[in-house]
Each structure stands twice: as C-alpha cells, then as structure tokens.
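Listed here are the chains, written in short residue letters.
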Amino acid sequence: MPIKVADSLPARAVLESENIFVMTEYRAMHQDIRPLNVVILNLMPTKIVTETQILRKLSNTPLQIQVELLRTSSHHAVNTADDHLASFYTTFDQIKEKKYDGMIITGAPVENLDFTEVDYWDELCQIMNWSTTHVHSTLHICWGAQAGLFFHYGIEKRTLPHKLFGVFEHRMLKPNSPLFRGFDDVFQIPHSRYTEVWEQDILAVPELELLAISEEAGVFAVKSQDNHRFFIMGHPEYDPDTLAREYFRDVDRGIAIQVPAHYFPGDNPTQTPIVRWRSAGQLLYTNWLNYYVYQTTPYDLKQL
C-alpha cells in the first residue's frame, strides 16, 4: 500500500530504494479517498531506524495510510537530531483533540527501571488513557506492551535471570485468529529484553486473550477481548542486522553480552545472520492493520 509521509522524511528514500510505494503529500492530496490515520509513538532512542522499520511493515496492504510520528515532550531524545524531531514529530498536546484509526506504541530500552522511574511515565499513562477514547486499535510493542499491560490491567513485568536475546520459535494458541492469517504452524521472531510477563498473569484477566507463546521466550502475543489493544513482546519489525549491531555495540563497550541465540549461523558472530522472521513480521503488521483497523474502524472518526 502507499504510505503517506512527509516528502523529506529520511525513511522515504530508504523505502523507495526497496521498491516500496511511498506516496508524497502532494499526490495524496489529489486522491479522493480517506486514508487510515495511524500515529506512531516512537519511544526508541534511535528514532530514524525505528520509524523506517515500522513504516516498512505498514507498506503491504492495498490501502493508503497517513502516518504521524509522536514523541514524548517530557523526555529529551539525545540520539536523534533536534531538527529531525522538530520537522517530523508532533507532541501529545498537538494531537490530543484528534482521533485515529490505529496507534503503535514502540518499545524502549528502559525495562530494568520500574515503570514509575521512567522520566516520561506520567505522560505515557496520559497517552495510553487517551487512546481508549481516541484510537480504534492500538498495537503495543515489547516494553510498550509491558507498559500497556501494567497500565490497563495491572499486570507486572518480571525480571529475567539474564537477557532474552536472539530469534526464537513461537506457536499459536489461537491459530484461527485473524492476526495469524497466513502464518506457518511455528514462526520465528526476534527478542531483545531483560523482562517478561507471565502466562498465568495474562490468563487471570478475563478481558485478555493469550494468542501465541514461545517455549524459550514465553508470552508473545496478547489482545483485549474487544480487539482494541494488542500486546506483542518481540520485535517483528527488526532489520536483518539489528541484533548484530546491538551485540557488537555492547562488545565494544565491554558489556558482558551473550551471542544472540539462533541468529548467527553456528552461533558464530563472524557469519552473516540468516533472516527467518521477515514473512511472519510482515504478516503480523498487515493482519492487524487489515482485520483490526481497516475492517472495523468507522469511516467517520468522530464516531469513535
């Protein structure tokens, strides 16, 4: 599908080089259709990398999407240039009167902190509360999923004995769920985190439905019974080299880090990783957007 983004957004050139249809603002203005309005709350420090990864995954349905990028104003991003943030990102105060078909809340490298210790926690709570009345369906990713489960349902995150790091096999508990249309019986997804949520905590909440798990990585996919909230514990959007860059970054810093599991051939970091999660990652974003946003969102967003 065509993604409508600002003409000068850096991700545009990257996506166009991959033959992904990215629609300019000028062309979109001359089409007589209503695009899906999706806002991405990007909590990652490397915002350009993350926005490119997610936009790539939103690019494979026959619908036009108008994407807005949202940042927290209570946290100063030191890894992204101020002019990029000023040019392409908005703040909550600027959008809080608007309504959206879909929202994506990314992960963030803060899982070792208590939620209330995160400097933008109060603002994030305000945004998640706002999403219940102003967004048709919200997709929470990794730490964003743990934060959402805690805020909406009181489910605690649990500290792992060591970092969960690598590409892991998953299986569906609800294979007939539209979220898994086109999936293989088992599928691979990357993970990179120090915390998890427990299966029994999910099952204890009647408003939630556990959709997929991993023997090694634990809970993977959860949704609310009304389909308005999705919680994904891994990173289906990761690039082929994302885990490698994280691994070598930590090695260069002298940080004790294990080789990502099931990622480098033979667990040898000198070898080029083999991607085994691209199709599942693409399907997950596409299915969420199609079945839980486009198929059910009101044409007039004022009706949300």
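Residues numbered from 1 in each chain as written. Predicted model: local features only at pLDDT ≥ 70, side-chain atom pairs only at ≥ 80, totals over all residues. Heavy atoms only, no water.

### Observations regarding the packing of aromatic side chains
What the rule picks out here adds up to 19 aromatic pairs. Considering the side-chain rings of tryptophan 121 and tryptophan 143, the 6.4 Å spacing of their centres and the 70° angle between planes classify their relative orientation as edge-to-face. Residue tryptophan 121 is located in helix 6 (residues 121-134), and its partner tryptophan 143 is located in helix 7 (residues 143-153); the two are separated by 22 residues in the primary sequence. Classification of tryptophan 143 by relative accessible area gives buried; the value is 1%. In this arrangement the basic side chain of lysine 163 is found over the ring face of phenylalanine 165, its NZ or CZ atom lying 4.5 Å from the centre. (Phe/Tyr/Trp six-rings, centres within 6.5 Å; stacked < 30°, edge-to-face > 60°. Helix = DSSP H or I, 4+ residues; strand = E, 2+ residues; numbered from the N terminus. Buried < 20%, exposed > 50% of the residue type's maximum accessible area, 1.4 Å probe, protein only. Lys NZ or Arg CZ within 6 Å of the ring centre and 35° of its normal.)

### A short note on the environment of lysine 302
Here lysine 302 lies in the segment after helix 10 (278-294). Note: C-alpha distance between lysine 302 and isoleucine 141 (161 residues apart in sequence) is 27 Å.

### A closer look at the pattern of salt bridges
Across all of its chains, the model carries 10 salt bridges by this definition. Linking arginine 158 and aspartate 201 is a salt bridge whose minimum nitrogen-to-oxygen distance equals 2.9 Å. On the criterion of sequence distance, the pair formed by arginine 158 in strand 8 (residues 158-172) and aspartate 201 in helix 8 (residues 199-203) is long-range, its members being 43 residues apart. Using a relative accessible area of 26% as the deciding quantity, one classes arginine 158 as partly exposed. Lysine 163 is the salt-bridge partner of glutamate 246, the closest N and O atoms lying 2.2 Å from each other. Within this pair, whereas glutamate 246 is found in helix 9 (residues 242-252), its partner lysine 163 is found in strand 8, the two being separated by 83 residues in sequence. Taken together, the shared-partner salt bridges in this structure form one network comprising Lys174, Glu209 and Lys223. (Salt bridge = Lys/Arg side-chain N within 4 Å of Asp/Glu carboxyl O.)

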